[in-house]
Amino acid sequence: RKDTGKVTTATDLQEVGTKLQVVSISKHQAPNQTGGSMVVMPTQRIRRVDTISDPVMGVPLCAVETLPLPVMTVPTDESAISIEVRALNHEMVATMKDLLKMQFANKEQFEQV
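Each chain carries its own residue numbering, running from 1 in the direction its sequence is written. Totals for whole chains, interfaces and linings use every residue, but because this is a predicted model, local features are given only for residues with pLDDT of at least 70 and side-chain atom pairs only at 80 or more, for both listing and counting. The side-chain quantities take in all heavy atoms of the structure and omit both hydrogens and water.

Concerning the sheet that holds strand S2 (residues 36-53)
Pairing is antiparallel across the open sheet formed by three strands, whose spatial order is S1-S2-S3. The sheet is open, and its two borders are formed by strand S1 (16-27) and strand S3 (63-68), each paired with just one other strand. When strand polarity is set aside, the average angle formed by the axes of neighbouring strands in this sheet is 60°. Bridging between S1 and S2 involves eleven bridges; their strand directions are antiparallel. Each residue of the ladder has a partner; that of Ile25, found in S2, is Met38. Pairing between two strands requires that DSSP report at least two bridges joining them. Secondary structure elements are taken from DSSP: a helix is a run of H or I of four residues or more, a strand is a run of E of two residues or more, and numbering for both begins at the N terminus. Fitted lines through C-alpha atoms give the axes, limited to the stretch in contact for helices. The angle between two N-to-C directions lies from 0 to 180 degrees.

Observations regarding a nonpolar patch on the surface
Patches in this entry comprise residues that are over 30% relatively accessible and not in a salt bridge; like charges within 9 Å are linked, as are nonpolar side chains (Val, Leu, Ile, Met, Phe, Trp, Tyr) within 5 Å. To be clear on the numbers: accessible area is Shrake-Rupley with a 1.4 Å probe, and residue cover counts the displayed protein chains and nothing else. Salt bridge, as applied in this entry: a Lys or Arg side-chain nitrogen positioned within 4 Å of an Asp or Glu carboxyl oxygen. Taken together, Leu20, Val22, Ile25, Met38 and Val40 make up a surface patch of nonpolar side chains, about 480 Å² in accessible area. Those elements that provide at least two residues to the nonpolar patch are S1 and S2. With three residues, S1 is the single largest residue contributor to the nonpolar patch.

So, in structure tokens, the structure goes:
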């Protein structure tokens, strides 16, 4: 998505995205609190080619037709792109390690991003 707001039409979605597998869904424990959390796992990169239906009352998700994108391989030579991709990968790994070391209260600020 382009933002973290509610999706009203399929045009709110990016053309290229990630197919996700739902790992678990849980409701909030407080009885007066609505919503919950969902854990997802990325499975492959996809391209949106057509919109089947937009969200409507009772069905808050878009139905879209997609095509799988080929798996990208990181170049192993010393080109500028290869160096940038490796640097980004190392930065992401370092950030994830830092997040895992944090106390739970601090992690909530990253969940909202």
